[in-house]
Amino acid sequence: MNLLRQRGSAAGIGLTIYWYSGGVGQSIKGEQVVDFMSKIHLMEGVIPARIQVDNGSEFISKAMDKWAYDNGVKLDFSRPGTPTDNAFIESFNGSFRDECLNTNWFLSLSDAAEKIEAWRLEYNQFRPHSSLKGLTPCQMEEQSQVFNTAGFSTSAWS
């Protein structure tokens, strides 16, 4: 499962991909998404005010709905059949499918986890992204931290 954490404007400033540590599998349940969001809260000390999601069963689950309600998070659902409602994740999904899923043969879940992790590291640490003005997500995150320590806040998280 992938989630996007966005710092800054809706234009995608400071876009960072977070990967659920146990996320390589055959399906994802709402409880796993809640567990992941709780881990982010513990690591980062913040909870997003809004999450853009599709209508997958993991996002329309009672567990996710309860977590969002309890934490004051707005779940903003994409309209069915309109991938442009969530263009950032659709773009990521296309890259992930074309560059990782379609180019590798996975012999087991552990083999898939290893190959996907290698792709994720390359994607986040070494590859420049046009949406980040030619920076890698790690470089953008570093710039965001420098900007924030100068007394400015660009955080879209509460």
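Worth saying up front: this structure is predicted, and the values here are computed from it rather than measured.

What counts as what
Think of each chain on its own: its residues are numbered from 1, step by step along the sequence as written. Local features in this predicted model are restricted to residues whose pLDDT is 70 or higher, and side-chain atom pairs enter the listing and the counts only when it is 80 or higher, whereas totals over whole chains, interfaces and linings include all residues. Think of the side-chain values as coming from all heavy atoms in the structure, minus any hydrogens and water. Within this scheme, the nonpolar core is defined by two criteria: the residues are buried Ala, Val, Leu, Ile, Met, Phe, Trp, Tyr or Cys, and they are joined through side-chain atoms within 4.5 Å. Under the scheme applied here, a residue whose accessible area is under 20% of the maximum for its type counts as buried, over 50% as exposed, and between as partly exposed, the area being computed with a 1.4 Å probe on protein chains only. Going along the chain from the N terminus, every DSSP run of H or I of four or more residues is numbered as a helix, and every run of E of two or more is numbered as a strand. The directions from the helix axis to the C-beta atoms are what the arc is built from. Only heavy atoms enter the contact rule, under which two residues are in contact if any of them lie within 4.5 Å. Residue-level confidence of the predictor is summarised by pLDDT, bounded by 0 at the bottom and 100 at the top. A fitted line through C-alpha atoms represents every axis, and for helices the fit uses only the stretch in contact; the resulting angles, taken between N-to-C directions, go from 0 to 180 degrees. Roughly parallel covers angles under 35 degrees, roughly antiparallel covers those over 145, roughly perpendicular covers 65 to 115, and oblique covers all other angles. The residue classification treats Ala, Val, Leu, Ile, Met, Phe, Trp, Tyr, Cys and Pro as nonpolar and Asp, Glu, Lys and Arg as charged. All others, Gly included, are polar. Polar contact is defined as a pair of N or O atoms within 3.5 Å, subject to the rule that within protein one atom must be able to donate a hydrogen and the other to accept it, and that residues adjacent in sequence are counted only when both atoms are side-chain atoms. Two aromatic rings from Phe, Tyr or Trp, using only the six-membered ring of Trp, form a pair when their centres are within 6.5 Å; if the ring planes differ by under 30 degrees the pair is stacked, by over 60 it is edge-to-face, and anything between is tilted.

## Concerning the nonpolar core
(1) Moving on: Among the nonpolar cores identified, the biggest contains 14 residues, and Met37, Ile51, Met64, Trp67 and Val73 are the most heavily contacted of them.
(2) Moving on: Elements with a minimum of two residues in this core: helix 1 (30–44), strand 3 (50–53) and helix 2 (62–71).
(3) Moving on: Sorting elements by how many residues they give to this core places helix 1 first, with five residues.
(4) Moving on: In terms of nonpolar packing, the next biggest core, distinct from the first, is built from eight residues, Ile89, Phe92, Ile116 and Trp119 among them.

## Brief notes about helix 2
(1) Moving on: Regarding helix 2, the residues found buried are Met64, Trp67 and Ala68. Down the axis of helix 2, the buried set is contained in an arc of 95°. They therefore lie on one face. For helix 2, the exposed residues lying more than 90 degrees away from the buried face are Lys62, Lys66 and Tyr69.
(2) Moving on: Contact partners of the buried residues in helix 2: helix 1, strand 3 and strand 4 (74–77).
(3) Moving on: Within two residues after helix 2, Gly72 carries a phi angle of roughly 65°, on the positive side.

## Overview of the confidence of the model for the protein chain
(1) Moving on: Across the protein chain, pLDDT averages 76, with 77% of residues at or above 70.
(2) Moving on: Looking over the protein chain, one finds the lowest element-wise mean pLDDT in strand 2 (residues 16–19), namely 37, and the highest in helix 2, namely 93.
(3) Moving on: Ignoring residues within four places in sequence, the model shows residues 1–21, a span with pLDDT below 50, making 77 contacts including any to other chains.

## A word on the packing of helix 1 against helix 2
(1) Moving on: For the pair helix 1 and helix 2, the least separation of the axes is 7 Å and the interaxial angle reads 30°. Judged by the inter-axis angle, helix 1 sits roughly parallel to helix 2. Contacts between helix 1 and helix 2 involve Gly30, Glu31, Val33, Val34, Met37 and Ser38 from the former and Ala63, Met64 and Trp67 from the latter.
(2) Moving on: By residue class, the composition of the contact of helix 1 with helix 2 is six nonpolar, two polar and one charged.

## Overview of unusual backbone geometry
(1) Moving on: Phi at Lys133 is positive, roughly 55°, even though this residue is not glycine.
(2) Moving on: Its location among the elements puts Lys133 in the loop between helix 4 (109–126) and helix 5 (137–149).

## Considerations on the environment of Gln52
(1) Moving on: Of note, Gln52 is situated in strand 3.
(2) Moving on: Distance from Gln52 to Asp76, taken between C-alpha atoms, is 4.7 Å for residues 24 residues apart in sequence.
(3) Moving on: Ignoring sequence-local partners within four residues, the contact set of Gln52 consists of Asp76, Phe77, Ser78, Asp85 and Asn86.
(4) Moving on: At 3.4 Å, the side chain of Gln52 and the backbone oxygen of Asp76 are in polar contact.
(5) Moving on: Of note is the side chain of Gln52, whose polar atom sits 3.1 Å from the side chain of Ser78.

## A look at the packing of aromatic side chains
(1) Moving on: Following the criterion strictly, the structure yields five aromatic pairs and no others.
(2) Moving on: Residues Phe92 and Tyr123 carry aromatic rings whose centres are separated by 5.4 Å and whose planes lie at 75° to one another, so their mutual orientation is edge-to-face. A residue pair is termed long-range when its members are at least 10 positions apart, and Phe92 in helix 3 (residues 87–101) and Tyr123 in helix 4 qualify at 31 residues. Take Phe92 and Tyr123: they sit in the same class, and that class is buried.
(3) Moving on: With a centroid separation of 4.8 Å and 25° between ring planes, the pair formed by Trp119 and Tyr123 is classed as stacked. Taken together, the residues Trp119 and Tyr123, both in helix 4 and four residues apart, mark about one turn of the helix. The burial state of Trp119 is the same as that of Tyr123; both residues are buried.

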